[in-house]
Amino acid sequence: MNTQAGQKSPLFKYMAYDIIKGTWTLSTMMERLIEEKTAALELQKRKHNDWDDNYELYRNKVKTNRLTQRQAVNIPLMKETIKTLLSKIDDPPEVDWKELGGDEQKELFFQEIWNDFVKTNRLEIIDILDKKNVLLYGLSVKKLNIDEHGVLPDVLDIYDVTFDPLMKSYDLESARFIIHQNIFRSVREILANDKYTEEGKAGLRIWVDSKPGIVQSQLNKEQWELKQERLKSMGLDHKDFPLFAGGDRIVNLTEHYHLMWSNKEKKFEKWVAVYADDKIELMHEYLEDLIGVDFWPFVVWTEDPETNDIYPDSIADLVRTPNKVLNVWFSQLIENRTLKNFQMHWYTPGQNYTPQTYTPGPGMMLPAPPGDDINKVIKPVEVSGLDDTLTAIQTVVQMVERGTGATAIEKGEPEKGQQTLGEVQILVGKANERTIGMAKFYRLAWYEFAKKWQALMDANAPKTIKLFKVSRSGKAYQKTVMKSDWKSADGYEPIVRSTSEQETENLKGIQKFQFILSQFPNNLALRKIAQKRELEMLDLTPEELKEVEEAEEQLQTQQANQQLGVQPQANETQLAQQIQGQLAQINA
């Protein structure tokens with residue numbers, strides 16, 4: 001344990017504020033942290049334009065211009081692609097825990113604690129948001145927080161977390177620093193928080209009343225409103241949305257997780273600093289003292305990892321450009337039809353004729369130019385048609401479907417032309433292979449999430465946990481579990497799988513058993529094993545399972561008795577026929 005643990009870093013010296021000039025002099029540590037934050041943000045900024053476009057297309061928002069797209073129309077290719085792929089991987093994770101020492105009672109308690117954690121923290125919604133982030137932005141970040149109630153999971157806005165540019169893209173622990181920014185809080189909430197130092201709170205009071213602090217507070221409020229709109233549109237109903245009243249002063253907090261060299265331990269140690277508006281140092285603590293573990297409390301995953309890039313391409317990146325092209329074409333098609341509907345005309349100006357607009361109606365008589373041939377005086381403006389636009393749009397859509405695996409069949413649409421059942425099954429199988437590859441990385445991320453959750457629970461174990469179990473009859477049972485009931489010296493190992501994957505594996509196993517049974521039709525032992533595997537797929541109670549097994553044993557016993565009854569009768573008939581044959585030979 002670090003001797004500096006629980007103390008403020010000696011490099012964190014309080015800033016100096018020049019009242020006359022209204023300037024701030026940062027401490028040595030703050031300068032270093034801001035340099036790290038700037039480097040991480042510069043790496044992420046190159047993706048912001050792409051992320052913004054992906055998000056706007058998913059939300060059916062388009063940008064019009066006077067040259068190519070003058071109509072605010074959007075073909076929902078982005079949304080239908082993301083929705084289709086999300087529907088194939090939307091099963092929540094199932095985590096089964098194994099106690100490594102073989103203590104089944106501890107294992108049972110720990111499994112129920114996890115199940116209660118999943119239900120209480122709405123982990124299924126977090127899982128959907130996590131996958132949607134990966135499809136839209138290429139990666140997603142989950143964070144594990146600690147409070148008086150235990151471990152709290154959260155999915156971070158992709159714009160709010162930045163990483164060390166030199167970290168390994170596949171190893172989060174290789175990062176020298178990870179930054180969680182844009183944590184908006186009111187001044188009164190920060191001043192009431194016991195985690196922050198009195199020195200930092202005093203600096204915050206000075207900052208919020210200074211001229212640059214007042215300007216920054218307004219900017220923070222605007223940024224908060226933009227973030228709130230984005231989160232709501234993504235389906236996240238955050239508990240802090242109604243937090244700020246009209247007169248609250250908003251502060252932008254940053255949690256800066258970083259490495260710092262320990263002269264005593266002769267190694268790098270993990271620390272976390274919290275500062276406001278990139279100016280005020282509120283806290284700087286040894287990470288293990290705060291949360292009890294020595295790893296970054298984040299989990300990052302992507303469906304298309306890159307060796308040299310922390311921010312890989314997403315499915316939405318593949319769809320973005322074709323979607324923009326389709327929007328331009330569709331806008332032009334609409335404008336073309338509008339121009340045709342205007343029925344504009346050319347006319348030859350003359351002294352005796354001035355064209356006038358008219359109101360269409362049945363039996364309407366329109367004045368013609370006197371004397372001259374009407375075809376020589378007035379002529380419709382020809383607007384060329386764009387009849388091939390819809391065909392071109394369909395071609396681009398098919399290109400996107402092949403690239404993403406979200407084919408028309410997966411979207412619930414029939415392919416054009418006649419197709420055999422075998423062809424359809426091949427197409428579905430190819431699309432499934434794409435999503436199975438995505439599920440591989442997703443499962444690894446949830447394994448890491450479960451392991452970190454278990455370590456945090458072990459380091460921050462509440463004294464008691466109240467669990468509720470509802471029986472099949474609907475009756476609820478309450479159990480108060482002490483930490484000694486589930487804490488294990490040997491530890492736990494999570495087994496992560498999704499419901500659909502488990503069902504698919506079970507079905508494949510049954511198909512294999514059926515094939516083998518057809519090769520060994522009279523093998524009772526093999527048939528009994530196959531029946532047991534089939535029953536395990538059903539959600540049967542132990543009593544129901546026992547009834548099925550007893551009924552099957554009775555049926556087998558009856559069949560065996562019937563076979564035994566038929567066999568003696570057959571033997572007696574054969575014996576009588578033999579005796580009669582021998583007597584006939586003697587009499588002859």
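Structure's up top.
Please read all numbers here as calculations on a predicted model, not as lab measurements.

This part takes up the environment of Tyr447. For Tyr447, the location among the structural elements is in helix H13 (residues 421–459). Residue Tyr447 is classed as partly exposed on the basis of its relative accessible area of 32%.

Take the packing of helix H2 (residues 48–58) against helix H10 (residues 315–342) next. Where H2 contacts H10, the two axes come as close as 10 Å, and the packing angle between them is 65 degrees. Relative to H10, the crossing made by H2 is left-handed. Here Asp50, Asp53, Asn54 and Leu57 of H2 come into contact with H10, specifically with Ala316, Asp317, Arg320, Asn323, Lys324 and Asn327. Residues that form the contact of H2 with H10 fall into these classes: two nonpolar, three polar and five charged.

Ranked by internal contacts, the top residues of the largest apolar core, which has 89 residues, are Phe163, Leu204, Trp296, Trp453 and Trp486. When residues of this core are assigned to their parent elements, the largest contribution, nine residues, is made by H13. Contact partners of Trp486, with chain neighbours within four places excluded, come to Lys106, Phe109, Phe110, Ile113, Met457, Asp458, Ala461, Ile465, Val481 and Tyr492. Grouped together as the second largest cluster of nonpolar side chains are nine residues, Met30, Ile34, Met260 and Tyr275 included.

Moving on: the sheet that holds strand E11 (residues 298–302). In space, the three strands of this open sheet follow the order E5-E4-E11, with antiparallel pairing throughout. The two strands at the open ends of the sheet, each matched to only one other strand, are strand E5 (150–155) and E11. Sheet twist, expressed as the mean angle between neighbouring strand axes with direction ignored, is 20 degrees. Across six bridges, strand E4 (residues 139–147) lies against E5 in antiparallel orientation. Paired with Leu144 across the strands is Pro153, a residue of E5. The sheet strands contacting helix H5 (residues 123–137) are E4, E5 and E11, and the helix crosses E4 at an angle near 145 degrees.

This next bit is on helix H3 (residues 77–88). Here H3 spans 17 Å end to end across 12 residues, near enough to the 16 Å set by a 1.5 Å rise per residue. Within H3 the residues assigned to the buried category are Leu77, Met78, Thr81, Ile82, Thr84, Leu85 and Leu86.

Counting buried positions along strand E7 (residues 177–186) gives nine out of 10 residues, so the element sits mostly inside the fold. Summarising the sheet, strand E6 (residues 161–163) and E7 pair through three bridges and their orientation is antiparallel. Residue pairing for E7: Phe163 is matched across the bridge by Ile178. As paired strands, E7 and strand E8 (residues 250–262) are joined by eight bridges and run antiparallel to one another. In the sheet register, Ile179 faces E8, and the bridge partner there is His256.

Moving on, we come to the environment of Phe441. Among the secondary structure elements, Phe441 is positioned in helix H13. Residues contacting Phe441, with those up to four places away along its chain left out, are Trp301, Thr302, Glu303 and Pro305.

Side chains carrying opposite charge are able to pair once their charged atoms draw close together. This structure, assessed with the given rule, holds 22 salt bridges. Where Arg497 meets Asp96, a salt bridge forms, and the shortest distance between an N and an O atom there is 2.6 Å. Of the two residues, Arg497 is situated in strand E16 (residues 492–498) and Asp96 in strand E3 (residues 93–99); the sequence distance between them amounts to 401 residues. For Asp96, a relative accessible area of 25% puts it in the partly exposed group.

Taken in spatial order, the five strands of this open sheet run E6-E7-E8-E9-E10, and their pairing is antiparallel. The open sheet is flanked by E6 and strand E10 (280–286), the only strands paired with a single partner. With strand direction ignored, the average angle separating the axes of adjacent strands in the sheet is 20 degrees. In this sheet, E10 lies alongside strand E9 (residues 267–276) in antiparallel orientation, the contact comprising six bridges. The residue bridging Ala276 from the neighbouring strand is Ile280, located in E10. Strand contacts of helix H1 (residues 28–45): E6, E7, E8, E9 and E10, with the helix running at about 105 degrees to E8, the strand carrying the most contacts. Sitting on the sheet, helix H7 (residues 198–209) touches E8, E9 and E10, and the angle it makes with E10 is about 155 degrees.

Moving on to a nonpolar patch on the surface. A contiguous nonpolar patch, built from Leu339, Phe342 and Met344 and spanning about 270 Å² of accessible area, is present on the exposed surface. Looking at the secondary structure, you find Phe342 in helix H10. Residue Phe342 is classed as exposed on the basis of its relative accessible area of 52%.

Phi at Lys266 takes a positive value of approximately 55 degrees, unusual for a residue other than glycine. Within the secondary structure, Lys266 is located in the loop between E8 and E9.

So, about the environment of Leu172. Within the element layout of this structure, Leu172 appears in the loop between E6 and E7. Leu172 sits 126 residues away from Phe298 along the chain, and the two C-alpha atoms are 8.1 Å apart. Ignoring anything within four residues of it in the chain, the contact list for Leu172 reads Phe163, Met167, Ile178, Trp296, Phe298, Val299, Val300 and Lys452.

Aromatic ring pairs are reported here in terms of the distance separating the ring centres and the angle at which the planes meet. Counted according to the given criterion, the structure contains 20 aromatic pairs. Ring centres 5.8 Å apart and planes at 70 degrees place the aromatic pair Trp51 and Tyr311 in the edge-to-face group. One end of the pair, Trp51, is in helix H2; the other, Tyr311, is in the loop between E11 and H10, with 260 residues separating them in the sequence. Residue Trp51 is classed as buried on the basis of its relative accessible area of 0%. Both rings, one in Trp97 and one in Phe110, keep their centres 5.0 Å apart while their planes meet at 85 degrees; by these two values the pair is edge-to-face. In this pair, Trp97 is assigned in strand E3 and Phe110 in helix H4 (residues 104–120), connecting sequence segments 13 residues apart. Given the relative accessible area of 1%, Trp97 is considered buried. The structure contains a cluster of three or more aromatic residues connected by ring pairs, namely Trp97, Phe110, Trp114, Phe117, Trp453, Trp486 and Tyr492. In this structure, Lys142 is placed above the aromatic ring of Trp446, and the distance from its NZ or CZ to the ring centre is 4.7 Å.

Thresholds, definitions, all that
Residues numbered from 1 in each chain as written. Predicted model: local features only at pLDDT ≥ 70, side-chain atom pairs only at ≥ 80, totals over all residues. Heavy atoms only, no water. Helix = DSSP H or I, 4+ residues; strand = E, 2+ residues; numbered from the N terminus. Buried < 20%, exposed > 50% of the residue type's maximum accessible area, 1.4 Å probe, protein only. Axes fitted to C-alpha atoms, helices over the stretch in contact; angles between N-to-C directions. Left-handed = near helix turned anticlockwise from the far one by under 90°. Contact = heavy atoms within 4.5 Å. Nonpolar A, V, L, I, M, F, W, Y, C, P; charged D, E, K, R; others polar. Core = buried A, V, L, I, M, F, W, Y, C linked by side-chain atoms within 4.5 Å. Pairing = 2+ DSSP bridges. Expected span 1.5 Å × (residues − 1). Salt bridge = Lys/Arg side-chain N within 4 Å of Asp/Glu carboxyl O. Patch = residues over 30% accessible without salt bridge, like charges linked within 9 Å, V, L, I, M, F, W, Y side chains within 5 Å. Areas by Shrake-Rupley, 256 points an atom, 1.4 Å probe, with all protein chains shown as cover. Phe/Tyr/Trp six-rings, centres within 6.5 Å; stacked < 30°, edge-to-face > 60°. Lys NZ or Arg CZ within 6 Å of the ring centre and 35° of its normal.

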